Amino acid sequence: MAWDFVNFIFTMRELLKSIHFPVLSVSRAAFWLGGGVLPLILMLAGGFLRAQEFDPYQRLRSVAPMPEDFLLNSLEKYQLELVNLDGDEGRKVRKAKQEFFVESSYYINQLLLSGKVLFNDPVSEYVSRVGDYLLQDQPTLRSQLRFYAVKSPVANAFATNNGLILINLGLIAKLENEAQLAYVLSHEISHYVMKHPLDIFLEARNIERNANRIFNRGSLEDMLVAKNNYSREKEQEADLKGLEMYLGTRYDLDAVRGTFDVLDRAQLPFSTRAFDKCFLESAHLRFPDTYLLDSLTVWESRPTAENEADRTHPDPEIRKQILESALAKLDNTGRRRWVIGEASFRRIQTIRRFESAFQHLAKREYEEAIYAAFDLLQEHPGNHFLKKIVAQALYGIAKYTNSGKFWDVHTDYVARSGEVQQVYHMVEKMSDEERNLTALIYIYRLLREQPDDVELRLLCRDLMEELGKHYFADIHYFAHEGDDTTGNALRYALTDLLQDRQFVAWMTESLEKGGKWKRNHQPRTHHAAEQEEIALKGFNLGLDRIVFVDPFYQRVDYRQQRALQYVDSEQNEALMIRRMRTHSKKLDLDYHLLSSNDLRKEDILTFNDLSILSEWIDEKTLHEDLRLVSINHNEVQYLVEKYQTSHFVWTGAISLTAPKSGKGMNLFAGIILVPFYPYALFNAVNPNHSTFFYTMVYDLKTGTYQILFPKFIRMRDAGDVMNSVIYDLLFQIKQKPTVPQAGVRPHPTTTEP
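## Quick word on empty space enclosed by the protein
Piece 1. Volume-wise, the second largest cavity comes out at about 110 Å³.
Piece 2. For the second largest cavity, the lining is made up of 15 residues, of which T651, F693, T695, V725 and L729 are closest to its centre.
Piece 3. Where the lining of the second largest cavity is concerned, the elements lending two or more residues are β8 (647–658), β9 (688–699), β10 (704–713) and α28 (719–734).
Piece 4. Split into classes, the residues belonging to the lining of the second largest cavity amount to 9 nonpolar, 4 polar and 2 charged.

This is how it looks when you write it as C-alpha cells:
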C-alpha cells in the first residue's frame with residue numbers, strides 16, 4: 001500500500017538523522033523491510049497428487065532470466081524517474097520530487113537485492129497472470145507494471161512509483177480465492193496510476209516544512225496525525241479506483257467484501273483449525289488438560305478513539321462499508337471467483353502457506369510456525385518439510401529457554417487470539433525440562449524417519465548436550481521401563497527411546513559432555529580487551545581460500561537534511577569492490593566475490609546464493625551470541641561444497657561526516673588570540689570525518705565466527721585510506737598465524753553449534 005513504501009523511506013532517513021554511531025545491518029535484508037481446472041471426477045486423485053507434489057518440498061527460489069529491475073543500479077533507476085518531472089513546476093516541488101526519486105530508487109534497489117523478492121517463480125508468475133487478465137484492455141498500463149512476490153509472513157502489499165507491485169506471501173496465503181487477489185492488485189495498481197507514493201511523500205514534506213506554523217511549533221504527534229490522515233484519504237481513493245478497475249472484469253463482487261474481511265483478520269493465522277495437544281505429545285510424555293485453554297480470545301480489530309489517529313490505513317470494516325453503497329446496486333450474476341482457475345489458485349495457495357510457515361520460523365515466531373505446520377500437516381500428512389519446521393521451532397524454543405531468553409521469542413498468550421493461542425499457552429505452561437524433552441523426542445522420532453538428514457542429527461545432539469548442561473547429570477535419571485506412578489512424569493518421558501541403542505549411546509555421550517562443560521565453563525569477561533588487542537596487533541587467519549559476500553558501503557553526512565548520500569554510497573561500494581579485487585590479486589589470495597552490485601541477466605545462481613547467505617547471516621544476527629543450528633544448514637553446506645571453502649567473509653564500511661561542535665567559541669577565541677585565528681578558522685570550517693570498517697569471517701561448516709573485527713578511523717574515506725585498510729584486511733586473512741592471537745577463536749573441529 002502506498003504509505004507502507006513511503007513510510008519506509010522516512011523511517012530509514014529519520015534513523016540516519018538520529019544515530020550518533022552507525023547502526024549496522026550485516027546484510028541488505030534488514031532494509032525490509034508480504035493449471036488448469038481439474039475435472040470433478042479426479043478430485044480425490046488430484047488431492048493425493050497435490051500432496052505428493054509437496055513432498056519433498058523445495059523452497060521458492062528465483063528463476064532465470066533476471067529482470068531489468070534487478071540489474072539497474074539506483075542511479076540508473078533515478079535517471080529513468082526524472083522523465084516524470086514537469087518543467088512548469090516550482091523549484092521547491094521539483095527539488096522535493098528529485099529527493100523522492102533518489103531516495104526511493106536507492107531503497108527499492110536495496111529491497112530488490114535483499115534476497116527477499118522473488119521473480120519468475122510460480123507465485124510471482126501466477127500473480128502476473130491475474131494482472132494480465134485485469135489489464136487485458138489496457139496494454140500500455142500493463143507494460144509499465146511488474147509483479148513480484150516477497151518472502152514475508154506479514155499480510156501486506158505495496159506499489160512503488162516506478163511500477164513495481166510487490167505482494168507478501170503472508171497476504172497471499174490468507175486470501176481465499178483468485179477474485180480477492182484480483183481486487184488487492186486492482187487497489188495497488190490504482191496507487192501507481194494515481195502516483196500516490198510520490199503524492200504522499202510530497203505532502204509529508206510539506207507538513208514537515210510548515211510544522212511550526214500549523215502545529216504549534218511542530219508537535220511530532222500532530223505531524224504524525226496529519227500524515228496519517230492524508231495517507232488514509234489516499235487508501236480510500238485507491239479502494240474506489242481499484243473497484244472501478246475490478247468491475248470491468250468477470251470477478252465476483254462478494255470477493256471485494258471478503259478481501260476486507262481477510263485484512264480485518266490479518267493478524268490471525270490462515271486457518272481456524274482446532275489445535276490438538278497430542279500433536280506435541282509422545283507415548284510417555286503427556287500434558288494435563290490444563291495446558292489448553294477452555295476458551296479462546298476473540299479477535300477484535302476495531303480501532304479505539306485513542307489509536308485511530310495512529311493508523312495509516314482506514315479500518316477495513318469502514319472501508320468495506322464505504323464501498324458497499326456501490327456494490328449493493330450491482331448485479332453479481334455470472335461473476336466468478338476464479339478466472340485463471342481454482343486448481344491453479346489452490347496449488348499456489350499451498351506453496352504460499354508452506355513458505356509462510358518457514359518465514360515465521362525465520363523470524364523466531366516459533367509458536368506461529370508450529371501452528372501453521374500443524375494445520376498444513378492435516379492436509380499433507382507425513383510431509384518432511386513441515387515436520388522439520390516443527391522440529392526447528394521446538395529446538396529454538398528450547399535453546400532460548402536454556403539461555404534464560406525465553407521471553408525474547410515468546411509472546412504472552414493473553415496477547416494472542418484464535419486457535420494459535422492454544423500453542424502459545426501450552427508452550428508457556430510447560431516447564432523448562434518439558435520444553436527440552438518435547439523438542440528432543442520430536443526431533444529424534446523425525447530423525448528415525450529421515451536418518452540421512454544431517455541437520456536433524458545436529459539438532460538432536462545439541463539438545464542432548466543442553467540437557468547435560470542444564471538439567472540432568474546422567475542417563476540413569478530416566479526410567480528404562482514402566483509408566484509414571486509416582487507423579488514424576490519426566491523420569492518416564494524417554495522410556496520408549498531408551499530401547500534404541502543409538503539413542504542411548506548419543507544421550508550418554510552428550511550428557512557427559514554437557515556436564516563437563518557445566519563444571520568447567522567460565523563466562524567470557526574480557527571480550528572488549530581482546531578486541532582492543534586485535535585492533536592494535538591485528539589478526540592472522542592463514543586462510544587459503546575465501547568467499548566475500550556482498551561488500552557493503554554507505555556514506556553518511558549529518559550536515560545534510562538527507563544524511564545518507566545515496567548516489568555516493570552506491571558508487572563508492574562499486575569502487576570498494578574493485579579495490580578488493582585488485583588487492584586480492586596482488587596478494588595472490590584465492591577468493592570468490594559474490595556481489596549484487598554487478599549482476600548480469602544470466603547470474604541467477606549467484607543471486608540465489610546471495611539470498612541463501614543473506615538468510616543465514618540475518619538468522620545469526622537475530623540470535624546474537626546464542627548459538628543455534630541454522631534453519632538453512634543444509635543449503636549453506638551445499639554452498640561450502642560449491643565454492644570449495646567454508647570461510648565466508650562479510651565486510652563493509654561507513655563513512656561519517658558530522659559538523660564540529662563549538663565552532664562559534666573557537667572563532668571567538670581565535671579573534672581574541674590572533675595567532676591562533678588560522679587554526680580556529682580551519683577547525684570551524686572543516687567537519688569531523690571518520691570511517692567505520694567491519695569484518696566478519698565465518699566458518700560456515702561449523703557455524704562459528706573466526707573473527708569479528710570492527711575498526712574505527714578518525715579520517716575521511718580517501719583513496720589511500722581505503723586502499724590501506726583493504727590491503728591490510730586481506731593480508732591478515734591470508735597471513736599464516738605465528739602465535740595464538742588473543743580474541744581470535746581457534747578453528748573449531750566440531751560441527752555447529
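## Structural notes on the environment of M194
Piece 1. For M194, the position within the fold is in the loop between α8 (178–193) and α9 (196–209).
Piece 2. In this structure the C-alpha to C-alpha distance between M194 and A238, which are 44 residues apart in sequence, comes to 8.2 Å.
Piece 3. Dropping the residues within four chain positions of it, M194 is found in contact with E237, A238 and K241.

## Quick notes on the packing of helix α24 (residues 604–623) against helix α25 (residues 633–643)
Piece 1. Between α24 and α25, whose axes approach to 10 Å, the crossing angle comes to 130°. One element, α24, and the other, α25, form an angle in the oblique class. Judged by the sense of rotation from one axis to the other, the crossing of α24 with α25 is left-handed. Contact with α24, carried on its side by L605, D609, I612, L613 and W616, involves E635, V636, L639, K642 and Y643 of α25 and no other residues of that element.

## Some words on the packing of aromatic side chains
Piece 1. Tallied over the entire structure, the rule returns 40 aromatic pairs.
Piece 2. Seen in terms of ring centroids, F692 and F712 are 6.4 Å apart; in terms of plane orientation they differ by 55°. Their pairing is tilted. With F692 in strand β9 and F712 in strand β10, this residue pair connects regions lying 20 residues apart in the sequence.
Piece 3. Residue F692 is classed as buried on the basis of its relative accessible area, which comes to 15%.
Piece 4. Residue F712 is classed as partly exposed on the basis of its relative accessible area of 37%.
Piece 5. Here the aromatic rings of Y698 and Y705 are separated by 6.3 Å at their centres, their planes lie at 80°, and the arrangement is edge-to-face.
Piece 6. Put simply, the rings of Y133, Y183, Y246, Y251 and F260 touch in pairs and so form one group of aromatic residues.
Piece 7. In this structure, R352 packs its charged tip against the face of F345, placed 4.8 Å from the ring centre.
Piece 8. Across the ring face of W517, the terminal group of K469 is positioned such that the distance to the ring centre comes to 4.5 Å.

## A look at the environment of H592
Piece 1. Within the secondary structure, H592 is located in strand β7 (residues 590–594).
Piece 2. Its relative accessible area of 30% is what places H592 among the partly exposed residues.
Piece 3. Distance from H592 to R545, taken between C-alpha atoms, is 8.1 Å for residues 47 residues apart in sequence.
Piece 4. Each residue touching H592, except ones within four places of it in the same chain, is listed here: R545, I546, V547, F548 and Y643.

## Focus: the packing of helix α20 (residues 454–470) against helix α21 (residues 501–520)
Piece 1. Running from N to C, α20 and α21 cross one another at 50°; their axes reach a closest spacing of 7 Å. Judged on the interaxial angle alone, α21 and α20 are oblique. Handedness of the α20/α21 crossing: right-handed. Taken together, the residues of α21 that come into contact with α20 (itself represented by R457, C460, R461, M464, E465, L467, G468, K469 and H470) are F503, W506, M507, E509, S510, L511, K513, G514, G515, W517 and K518.
Piece 2. Class assignment for the residues of the contact of α20 with α21 results in 8 nonpolar, 5 polar and 7 charged.

## Describing the sheet that holds strand β3 (residues 157–159)
Piece 1. Across the sheet, which stays open at both edges, the 4 strands sit in the order β1-β2-β4-β3 with mixed pairing between neighbours. Each having just a single partner strand, β1 (117–118) and β3 make up the two edges of the open sheet.
Piece 2. Sheet topology places β1 next to strand β2 (residues 146–150); 2 bridges connect them, and they run antiparallel. Among the inter-strand pairings, V117 is bridged to a residue of β2, identified as V150.
Piece 3. The strands touched by helix α4 (residues 91–112) within the sheet are β1, β3 and β4 (164–168), with β4 carrying the most contacts at an inclination of about 45°.

## Some remarks on the pairing of β2
Piece 1. A large share of β2 lies buried, amounting to 4 of its 5 residues.
Piece 2. Bridge analysis of β2 against β4 gives 5 bridges, and the strand direction is parallel. If you follow Y148 over to β4, its bridge partner there is L166.

## So, the pairing of β9
Piece 1. Among the 12 residues of β9, 10 are classified as buried, and the element is accordingly described as predominantly covered.
Piece 2. Across 12 bridges, β8 lies against β9 in antiparallel orientation. Bridging across to β9, V649 finds its partner in V697.
Piece 3. Two strands pair when backbone bridges link them, and β9 and β10 are joined in this way by 9 bridges, in the antiparallel orientation. Bridge pairing in β10 links Y698 to Y705.

## Let's talk about the environment of N597
Piece 1. Its location among the elements puts N597 in the loop between β7 and α24.
Piece 2. By relative accessible area, which is 27% here, N597 ends up partly exposed.
Piece 3. Taking the C-alpha atoms as reference, N597 lies 9.8 Å from F70; in sequence the two are 527 residues apart.
Piece 4. Each residue touching N597, except ones within four places of it in the same chain, is listed here: D550, E570, E573, A574 and I577.
Piece 5. Within the structure, the side chain of N597 is placed 3.4 Å from the side chain of E573, a separation counted as a polar contact.

Criteria and cut-off values
- Sequence order as written defines the numbering, with residues in each chain counted from 1.
- Thresholds applied to this predicted model are a pLDDT of at least 70 for local features of residues and 80 or more for the giving and counting of side-chain atom pairs; totals over whole chains, interfaces and linings are not thresholded and use all residues.
- Only hydrogens and water are set aside; all other atoms, that is, all heavy atoms of the structure, feed into the side-chain values.
- Put simply, the grid is 1 Å and covers the protein atoms alone, a cavity is a trapped set of points that fit a 1.4 Å probe, a pocket is an open set with protein on both sides within 12 Å along at least five of seven lines, and lining residues have an atom within 4 Å of a point.
- Grid points are joined across faces, edges and corners, and a volume is the space filled by probe spheres set on the points.
- Numbering of helices and strands runs from the N terminus; a helix is a DSSP stretch of H or I covering at least four residues, while a strand is a stretch of E covering at least two.
- Residues are sorted three ways: Asp, Glu, Lys and Arg are charged, Ala, Val, Leu, Ile, Met, Phe, Trp, Tyr, Cys and Pro are nonpolar, and all the rest, Gly among them, are polar.
- We call two residues in contact whenever any of their non-hydrogen atoms come within 4.5 Å of each other.
- Structural elements are reduced to axes, namely lines fitted to C-alpha atoms, with helices fitted over the stretch in contact, and the angle between N-to-C directions of any two is expressed from 0 to 180 degrees.
- We call two directions roughly parallel when the angle between them is under 35 degrees, roughly antiparallel when it is over 145, roughly perpendicular when it lies between 65 and 115, and oblique otherwise.
- Crossing handedness is read from the near helix: turned anticlockwise from the far helix by less than a right angle, it gives a left-handed crossing, and turned clockwise, a right-handed one.
- Working definition: rings of Phe, Tyr and Trp (its six-membered ring) pair if their centres are within 6.5 Å, and the pair is stacked with planes under 30 degrees apart, edge-to-face with planes over 60 apart, and tilted otherwise.
- The cut-offs for exposure are 20% and 50% of the maximum accessible area for each residue type, with area from a 1.4 Å probe on protein chains only; residues under the lower value are buried, those over the upper are exposed, and the others partly exposed.
- Think of it as a cone above the ring: NZ of Lys or CZ of Arg counts as a charge over the ring if it is within 6 Å of the ring centre and within 35 degrees of the ring normal.
- Paired strands, as defined in this entry, are two strands with at least two bridges between them according to DSSP.
- Any N or O atom pair separated by 3.5 Å or less is treated as a polar contact, with the protein-specific requirement of one donor-capable and one acceptor-capable atom, and with residues adjacent in sequence counted only for side-chain atom pairs.

From the geometry alone we can't say anything about function, so treat these as descriptive.
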